[in-house]
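# Fold and contact review
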Amino acid sequence: ICLVGSEMCIRDRSYLYRQIELLEPKIVLALGRIAAQSLLNSDMAIGKMRGKLYHLEKNNIPLIVTYHPAYLLRSPKEKRKVWEDLKFARQQVIS
């Protein structure tokens, strides 16, 4: 979403929201800090964003935040937290 500078973030965000609108997902899973902060317009640390249910501002689709897979390669002990996030996301979809 946000590769270089805020102008690209805004342009890419509108493109992403259009894709999401067309797909009509039941839930969005933000993998990693950059995705989560960009989608939620937040600078909060990813550890504080985890475990909560958010909604995309444009179309109110549920969003869950978790760690990026590359982070898990560097920190395998964090896999349990991601598993909990995935179970939480599944719970939101089936409820």
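Scroll up to find the structure.
Summary of the structure given here. Note that the coordinates shown come from a computational prediction; the quantities given were computed from them, not determined experimentally. (Residues numbered from 1 in each chain as written. Predicted model: local features only at pLDDT ≥ 70, side-chain atom pairs only at ≥ 80, totals over all residues. Heavy atoms only, no water.)

## So, helix α5 (residues 79–94)
To be explicit about the condition: Secondary structure follows DSSP: runs of H or I at least 4 residues long count as helices, runs of E at least 2 residues long count as strands, and numbering of each begins at the N terminus. Here the expected length of a helix is defined as 1.5 Å per residue gap, with one fewer gap than residues. Residues count as neighbours in contact if any of their non-hydrogen atoms are within 4.5 Å of one another.
In this model, α5 (16 residues) spans 23 Å end to end at C-alpha, consistent with the 22 Å of a helix rising 1.5 Å per residue. Among the structural elements, β3 (62–66) and α4 (69–74) are those in contact with the buried residues of α5.

## Section: the pattern of salt bridges
Side chains carrying opposite charge are able to pair once their charged atoms draw close together. Cut-off, in case you're wondering: Salt bridge, as used here, is a side-chain nitrogen of Lys or Arg placed within 4 Å of a carboxyl oxygen of Asp or Glu. Relative accessibility thresholds used throughout: buried, under 20% of the residue-type maximum; exposed, over 50%; partly exposed, between the two (1.4 Å probe, protein chains only).
Inspection of every chain in the model, using the stated rule, returns 4 salt bridges. Note that R50 is salt-bridged to D85, the shortest N-O span being 2.8 Å. Of this pair, R50 sits in the loop between α3 (46–49) and β2 (54–55) while D85 sits in helix α5, placing them 35 residues apart in sequence. Taking the relative accessible area as the measure of exposure, D85 reaches 2% and is therefore buried. Linking K81 and E78 is a salt bridge whose minimum nitrogen-to-oxygen distance equals 3.0 Å. With relative accessibility at 35%, the residue K81 sits in the partly exposed group. E78 sits in the buried class, given a relative accessible area of 16%.

## Points about the sheet that holds strand β1 (residues 28–31)
For clarity, the threshold we go by: A strand pair is defined by DSSP finding two or more bridges across the two strands. Interaxial angle, 0 to 180 degrees, is taken between N-to-C directions of lines fitted to C-alpha atoms, where a helix line uses only the stretch in contact.
The 3 strands are arranged β1-β3-β2 in an open sheet whose pairing can be described as mixed. Across the chains shown, the open sheet's two edge strands, defined by having one partner strand only, are β1 and β2. Bridge analysis of β2 against β3 gives 2 bridges, and the strand direction is antiparallel. If you follow H55 over to β3, its bridge partner there is P62. Here helix α2 (residues 33–40) sits on the sheet in contact with β1, β2 and β3, set at roughly 130° to β1. Packed on one face of the sheet, α5 meets β1 and β3 and runs near 170° to β3.

## Structural notes on unusual backbone geometry
The phi angle of most residues is negative, glycine excepted, and most peptide bonds adopt the trans form. The phi torsion at E24 lies on the positive side, around 50°, for a residue other than glycine. If you trace the backbone, E24 turns up in the loop between α1 (5–23) and β1. We classify E24 as exposed; its relative accessible area is 65%. The phi angle at N60 is positive, at roughly 60°, despite the residue not being glycine. Tracing the backbone shows N60 in the loop between β2 and β3. Under the relative-accessibility criterion, N60 is labelled exposed at 55%.

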